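Working through the structure, step by step
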Amino acid sequence: MYRHNQKQLTFHEFALPFGGALNPKNRWVIKASLIPWDFVEEVYSQSLKETNEGRGAKSARTALAAMIIQQDQKLTDEEVVLHIEENPYMQFFCGFEEFQQKKPFDPSLMVHFRKRFPADIINQVNEEMLKRQKQSESESDDDNNDSSNHDEASPSGKLIIDATCAPADIHYPTDVHLLNHARLIAEGLIDKLYEELKYVYTQKDLFTQASDFPYKSKPRTYRIKARKNYLSFAKKKRPGKKRIRQTLRKQLSYLKRDIAHIHDLLDYVELSCLFEKELKNLWVIQHVYAQQQYMYENKVHKVADRIVSIDQPHIRPIVRGKSGSDVEFGAKLSISVTEDGYVYCDKISWDSHNESTDFKEVVENYRQRFGHYPKAVYADQIYRTRENRRFCKKLGIRISGPRLGAKPKNEELSKKQRAQEKKDVGIRNWVESKFGQCKRRFGLNRIMGKLPQTSESMISLCLLVANLAKICCVLNFEPSNSGNTRKTKVENAVQWLKSSIHTLICDSIRNISYRVSIPIFSRYSKEVFQ
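So, a few notes on the structure that sits alongside this text.

Conventions adopted
All residue numbers refer to positions counted from 1 along the written sequence of the respective chain. Predicted model: local features are reported for residues with pLDDT of at least 70 only, side-chain atom pairs are reported and counted for 80 or more only, and whole-chain, interface and lining totals are derived from all residues. Calculation of side-chain values draws on the structure's entire complement of heavy atoms; hydrogens and water are dropped beforehand. Any Lys or Arg side-chain nitrogen found within 4 Å of a carboxyl oxygen on Asp or Glu counts as a salt bridge. Only runs of H or I of at least four residues qualify as helices and only runs of E of at least two qualify as strands under DSSP, and these elements are numbered from the N terminus. For every residue, the accessible area (1.4 Å probe, protein chains only) is compared with the maximum for its type, and the residue is labelled buried under 20%, exposed over 50%, or partly exposed between those bounds. What makes two strands pair is DSSP finding at least two bridges between them.

Let us look at the pattern of salt bridges. Enumeration according to the criterion identifies 22 salt bridges in this entry. Between R114 and D77 there is a salt bridge, and its shortest N-O distance comes to 3.2 Å. Of this pair, R114 sits in helix 6 (residues 109–116) while D77 sits in helix 4 (residues 77–86), placing them 37 residues apart in sequence. Take R114 and D77: they sit in the same class, and that class is buried. The closest approach of N and O atoms between D169 and K450, which form a salt bridge, is 3.6 Å. Taken together, the residues span a long stretch of sequence, with D169 in the loop between strand 1 (158–167) and helix 9 (175–203) and K450 in the loop between helix 16 (430–440) and helix 17 (452–477) at a distance of 281 residues. Of the residues examined, D169 reaches a relative accessible area of 24% and is grouped as partly exposed. Given the relative accessible area of 43%, K450 is considered partly exposed.

So, in structure tokens, the structure goes:
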């Protein structure tokens, strides 16, 4: 059962038991004012069943706010509940009317929150938040006279696109380790099916008759020999190719025997005795055996839809060619960055594909968001195919990078093109900084979700939290009164930059072991920064 909360809590309505009031400049108070809670309430209620039975569900604001806090602070489910319990600003961010000195909810509810907020809903909230932020910026900007006369149909603005991989939290997959894991699961299934078989025959009073019982003893699995074989291989620091193939052959034979025993036991026992997770594992280990057997017989290391994790069979290897990690294991996402520095999620895929095929979709998504095509698209070399170039030329969009064909004979024109290409490379690097921010700060470098739906929601949530941090950074540079112009903002930024450089120089000089006169340095620094 879910009760719609049409009234959203305001800042002055939050009550503190120990007196006082909240700081309006606190980051959680600012973030609470940026998120469109009414829109969140609308899309969240549609994902729930309309029923008046059962206990009331938590509000949409509490669910989404808890997920944002977890992603922003990189906390576990238990730590999220403790942080909300201890922090009044987080409780206000979650929509509580007053400070509560008890746990707001059980940590296990975080799993249900992630399921109720799939990636498409989080992307809608992200786009709605950025849409309202852009409207407020355009209304408060007094120097935006040219945009009112701009034709919305003509291309304008900048679009930066790129793709990356969000690595999942799995063990680095090797063929031997994968087969050993599958063998352990198969042995557990054999034990359970054999015990179920004994129970069935006991209920039918047939177990006492040895001739009627199909097995004289538990099926032989050679688990001790298989374990010794795997441990002797795992202790080798650098096993050779011959040793690897020997271990693979033995582990494949052990797993083949175990799968055959499982099928024999299922002839006497119903499949319903296994849980859903056990049925899934049975399906996975059979596919793992088929793939590993194919690669062993054909002496190859590639196979279609290769499984690299039994617990998360939806993960595929993504070949990136980066230094230090040639292959990553996780979801591949295509994102776009606008000239304002805001990030949009265009596609999340678990299959390894060429990101150049997403180019048209990303450009069309830009037109749906802003009502016009971008004036220029800044993309990597892999996006600059002939088909994508023709697509941009047809719509009047300039794509970054060198032009095809021979270089112009005019030296001045050639210099202009080289200067433009260098400038395009610098603008395209903005998306790399966004990748670094999301991976280092907001947890995109390791997605802790186990299901594909929850993992996708965590990926989209990383981009939402990054946009919240960007908006808060922009608001910190804005002056308190609305009458100031962009010139005041630039002056404030320059003044902050000067003070930062001055502090950096002072700290560097103090660390130098040479004897430098402090009065001379102070007089020199004053002359430079005045």
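What follows covers the pairing of strand 1. Strand 1 sits mainly inside the fold: 9 of its 10 residues count as buried. Pairing of strand 1 with strand 5 (residues 376–378), which is carried by 3 bridges, proceeds in the parallel orientation. Counterpart to L159 in the pairing with strand 5 is V377. As judged from the 9 bridges shared by strand 1 and strand 3 (residues 325–338), these two strands associate in the antiparallel manner. Bridging across to strand 3, C165 finds its partner in K332.

Here we come to unusual backbone geometry. Unlike most non-glycine residues, K299 shows phi in positive territory, near 55 degrees. Here K299 shows up in the loop between helix 12 (276–298) and strand 2 (317–322). Under the relative-accessibility criterion, K299 is labelled exposed at 62%. A positive phi angle, close to 55 degrees, is found at D305, a residue other than glycine. With respect to the helices and strands, D305 occurs in the loop between helix 12 and strand 2.

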